[in-house]
Amino acid sequence: MTDTLTLEERRIALCLSVALAFLGLIMAAAAQRGVMALHGGMAIAVGLALAFIVGGSMYSNIEPGRDRLTHYYDAPIKFGIIMTLVWAVVGMGVGVWLAALMFWPEATPLWPATSYGRLRPVHTSGVIFGFGGNALIATSFYVLQRTTRARLAGAISPWFVLIGYNLFCLWAATGYLMGSTQSKEYAEPEWYADIWLVVVWLTYFTLYIRTLMRRVEPHIYVANWYYLAFILVVAILHIVNNIAIPVSWTHAESFPVWAGVQDAMIQWWYGHNAVAFFLTAGFLGMLYYFLPVRAQRPIWSYRLSILSFWGIVFFYMWAGSHHLHYTALPYWVQTLGMTFSVMLLVPSWASAGNAIATLNGAWHKVRDDATLRFMFVAAVFYGLSTFEGSFLAIRPVNSLSHYTDWTVGHVHSGTLGWVAMIVFGAIYTLVPKLSGREHMAWPQAVEWHFWLAIAGTLIYVVSLWNAGITQGLMWRAYDENGALSYSFIETVEAMLPYYAARTLGGALFLAGAILCALNCRVTMRTAAERVDATDRPLALQPAE
Amino acid sequence: MSTDPKEFPAADSHTGQREIDPVTGYDTTGHEWGGIKELNTPFPRIALIALVLTVAYSLVSWVLLPAWPIGRDYTRGLLGLDQGQVAIERYRDLASTREEWLSRFETPDFATLSEDAALMATAMPAAARLFRDNCAVCHGETGSGGIEFPVLNDNHWLWGGEPDMIAETLRVGINSSHPDSRLAQMPSFDWMDRTDRVALARYVAKLPEGDAATDDPGADLFAQNCAACHGEGGVGGMLNGAPSLADGAVIYGQDVHTVMNTLRSGRQGVMPSWIGRLSEAEINLLALYVMRLQDRGGGGQS
């Protein structure tokens, strides 16, 4: 990781590593005990490890020549992909374990750290932020350089973003295990982790803008619009939802400044736009690059790209209140959330349709190439889950679906079918390129992975559709005498077969992800020297 | 930007023509990003139609429903809906159907109620669901109890098994926060000699089998310390919350080890008061249901 840095840059990197260790020391010394002290210890460990790696390289004379500027900067991307796969296995593994606990709650171990409530955010943060976030950052660096034909505008900042981001993920996951949480869904990490993420994210944003300004292509490709919307809006969402007052500077606990129904509205404005800008916009950026590249087809409609982008950016912002139908939230806010969610369908389908139409003339490739098939299926599930999302946002529909497992099924049709599928498609396109190879080391394993993933997703989603609709209907059923038809426990017992099926579906999906991680490991370890002559920046940049 | 096609990016400067995609027949926009191009496809009609339809849906919704904020107020919508009002009305509709038969349980005339077969056929399935939603978490789905939680489908009672007694227990609870709560405490006998405690525990453990000898060293101890609440010979039935020790029914267990624990630490089980959570009629309904559980001997739902 240090070979591409000049001696000067290594000195800066060393200072930053020591500064991180020092920051950890301050945290640990101030807090003395508890979660914050332990997290300080983790920062010390990461800082010292980096200091040793960078410090050791100071004595090496191998410095990159000026010709490094004639290549794209891919070393951090490789690290990002590795972290993506590590978090995939961790996050999905915890998910399968939790699914099994729903079926078999007696298996919960006695330790507080392994209770369902603490593990559940480890699963959600692990897959959304660990797996999804690393994939987004790594592919954004890749796509940004290729579509601007410019090298990343910084040698250390990409590393800072990726390592800093993974430290945040580590703090988050280990904090949950120790019971540290703000109790805001998808925004559980406490105030110091939130502040750290702001620093990392602003660095990311600056790096992205600076690289865009170096672009050689006069126009900015649509994938970059999406990535940029993802970076910018996630920063806004994260800051607003996490404004909190720490109990003291030496404790992990804090109180949010928002209260009551305002807090609920801010939380779900954040929550739904996290779906929009983290789990949708960024991955659309991925789709808009990797799908046409893999299919070797032009994007079907430039105009649909525009409609889709501005439609998604504008409509999504209003849709969050559909999470609070039939609550203390005023009716008019619910109506706005519902109607904007319905209007959102058209720009969403514009992107799904655009992606599928792009495959015209490449259907034989979809048939033969599992990697492209991943991306095709991703586009289909994107269309399905956005339709389902708009449908569930309609108030009377929501009265049936809300609080049931249908919601969970909907989320997983988006995350497994759309988000994870496009990530795997991107990984299988990108890892051979980064390893100087034409194909993955085990091409047949990609095919296996595809069928495991599609089978897992379908079993999971279909079983939770059934579960949710059954649950919703049972909860609202009254007999002719006006008494409830079912006791609550009967509605729980009715879930058993579906919970068993969802565990199986999740396990299949996890098996595919493990196969992918092993395949990538072997591919990276058997890297070759294949160089694509056209895959380079167009103009030499001035030395940094 | 110039509208002259000859000046479009990547256009042929003589003809103004751009690269044509052979598959779709459309020309490209003339841009290229690391190998990616875009087609200059016209805007699909169906997307426009869909956009118009969804916007129309929204406009209609905004006119009919509360929708847009205006200062400190909001547009009320032509339907004049208020979600709180709607919820209350729908609840009242349901409740009125239910009240038709449930209101009869407001008067605790249990004998008359039991005799009305038609009423029972309506009420007992509803009672079973009430029981499962409120009582089953401790007493089991069929009232079969468990360790620390009394069995309800047998004939052994702490505070009486008549419906009015059960209803009173439901109302005030046992060792609950209700001012008239039934109170029962098994005190700790840790002041007693351990040898005495062992003797007592052995005696108590033998009581249900009926072979406890009167000359047992525990018998005297029992008479002096326990009989006041548990009755002579531990037969119970004093309606003071102290269980019979001579029958097979147990709450905490009646083996020597468990009785030793009970003697050392004492016991004070809690049953909450259900006033406020259940209506008077629901409490009476449940009382009748619980009474009938013992007849079915483990039967749950009819």
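Quantities reported herein were computed from a predicted structural model and do not represent experimental measurements.

Here is what the cut-offs are and how they apply
Residues numbered from 1 in each chain as written. Chains lettered and ligands numbered in written order. Predicted model: local features only at pLDDT ≥ 70, side-chain atom pairs only at ≥ 80, totals over all residues. Helix = DSSP H or I, 4+ residues; strand = E, 2+ residues; numbered from the N terminus. Rg over C-alpha atoms; globule rule 2.2 N^0.38 Å. Contact = placed C-beta atoms within 7 Å. Domains from an automatic or database assignment. Nonpolar A, V, L, I, M, F, W, Y, C, P; charged D, E, K, R; others polar. Buried ≥ 20, exposed ≤ 12 C-beta atoms within 10 Å, placed from the backbone. Axes fitted to C-alpha atoms, helices over the stretch in contact; angles between N-to-C directions. Parallel < 35°, antiparallel > 145°, perpendicular 65-115°, else oblique. Left-handed = near helix turned anticlockwise from the far one by under 90°. Expected span 1.5 Å × (residues − 1). Bend = angle between axes of the 7 residues up to and from the residue. Core = buried A, V, L, I, M, F, W, Y, C linked by C-beta atoms within 7 Å.

(A) Highlighting the overall build of chain B. Looking only at helices and strands, one finds 11 helices and 2 strands in chain B. Listed by position from the N terminus, the elements making up chain B come as α-β-β-α-α-α-α-α-α-α-α-α-α. Taken over C-alpha atoms, the radius of gyration comes to 38 Å for chain B, far larger than the 19 Å a tight globule of 302 residues would show. Counting only C-alpha atoms, chain B reaches 125 × 50 × 40 Å along its principal axes. Of the contacts made within chain B by residues no fewer than 6 positions apart, 51% connect residues no fewer than 24 positions apart.

(B) Looking closely at the overall build of chain A. The number of helices and strands found in chain A is 18 helices and 2 strands. By the compact-globule yardstick of 24 Å for 544 residues, chain A fits well, its C-alpha radius of gyration being 24 Å. Principal-axis analysis of the C-alpha atoms gives chain A an extent of 85 × 65 × 45 Å. In chain A, 82% of the contacts between residues at least 6 apart in sequence involve partners at least 24 apart.

(C) A look at the domain arrangement of chain A. Residues and elements named next belong to chain A. Under the domain assignment used here, chain A contains domain 1 (1-59) and domain 2 (74-429). Of note, the centres of domain 1 and domain 2, computed from C-alpha atoms alone, are 29 Å apart. Each side of the interface is counted separately: domain 1 has 17 residues, and domain 2 has 16 residues. Of all the secondary structure elements, the ones that give two or more residues to the side of domain 1 that touches domain 2 are α1 (7-31) and α2 (35-57). At 7 residues, α1 tops the list of elements feeding residues into the side of domain 1 that touches domain 2. Looking at side-chain class alone, the side of domain 1 that touches domain 2 contains 13 nonpolar, 3 polar and 1 charged residues.

(D) Up close: unusual backbone geometry. Phi at tyrosine 403 of chain A takes a positive value of approximately 70°, unusual for a residue other than glycine. Relative to the helices and strands, tyrosine 403 of chain A is located in the loop between α14 (395-401) and α15 (405-434).

(E) Here's a closer look at the domain arrangement of chain B. In terms of domain boundaries, chain B breaks down into domain 1 (45-74), domain 2 (101-183 + 270-296) and domain 3 (194-265). Taking only C-alpha atoms, the centre of domain 1 of chain B and the centre of domain 2 of chain B are 52 Å apart.

(F) Molecular detail of the interface of chain B and chain A. Listed by partner, the interface residues are 46 residues for chain B and 38 residues for chain A. Elements with a contribution of two residues or more to the side of chain B that touches chain A: α1 (45-64), α2 (83-102) and α4 (117-134) of chain B. For the side of chain B that touches chain A, the element with the most residues is α1 of chain B, which contributes 9 residues. When the residues that make up the side of chain B that touches chain A are grouped by side-chain class, the tally is 23 nonpolar, 14 polar and 9 charged.

(G) Here's a closer look at helix α6 (residues 163-172) of chain B. Counting buried residues in α6 of chain B gives 7 out of 10 residues, a clear majority hidden from the surface. Glycine 173 of chain B sits one or two positions beyond α6 of chain B and adopts a positive phi of about 75°.

(H) Quick look at the packing of helix α8 (residues 260-295) of chain A against α15 of chain A. Residues and elements named next belong to chain A. As a packed pair, α8 and α15 sit with axes 10 Å apart at the nearest point and diverge in direction by 45°. As judged from the angle between their axes, α8 and α15 are oblique. Pair α8 / α15 crosses with left-handed handedness. Here Leu279, Phe283, Met286, Leu287, Phe290, Val293 and Arg294 of α8 come into contact with α15, specifically with Gly414, Thr415, Trp418, Val419, Ile422, Gly425, Ala426 and Thr429. Residues belonging to the contact of α8 with α15 are distributed by class as follows: 10 nonpolar, 4 polar and 1 charged.

(I) Representation of the packing of helix α4 (residues 116-148) of chain A against α15 of chain A within the structure. Residue and element names in this part refer to chain A. At a minimum axis distance of 11 Å, the contact between α4 and α15 shows a crossing angle of 40°. It follows from the interaxial angle that α4 and α15 lie oblique. Pair α4 / α15 crosses with left-handed handedness. Note on element contacts: α15 touches α4 through Thr415, Val419, Val423, Ala426 and Leu430, opposite Val127, Gly132, Ala135, Thr139 and Tyr142. Taken together, the residues that form the contact of α4 with α15 break down as 7 nonpolar, 3 polar and no charged.

(J) Broad picture of α4 of chain A. Residue and element names in this part refer to chain A. Compared with the 48 Å implied by 1.5 Å per residue over 33 residues, the 45 Å span of α4 between its first and last C-alpha is a close match. Bending of α4 peaks at approximately 35° at the position of glycine 126. Following α4 by one or two positions, arginine 149 has its phi on the positive side, about 55°.

(K) Structural detail: the nonpolar core. Grouped together as the largest cluster of nonpolar side chains are 172 residues, with contacts concentrated most on Phe230, Leu287, Ala378 and Ile422 of chain A. Among the elements that make up this core, the one with the highest residue count is α8 of chain A (22 residues). Ignoring anything within four residues of it in the chain, the contact list for leucine 287 of chain A reads Ala355, Met375, Ala378, Ala379 and Ile422 of chain A. Counting 28 residues, the second-largest nonpolar core is a separate cluster that includes Ala483 of chain A together with Leu102, Ala127 and Ile166 of chain B.

(L) View of the environment of valine 216 of chain A. Within the secondary structure, valine 216 of chain A is located in the loop between α6 (191-213) and α7 (222-241). Taking the C-alpha atoms as reference points, valine 216 of chain A and glycine 285 of chain A, separated by 69 residues in sequence, lie 19 Å from one another.

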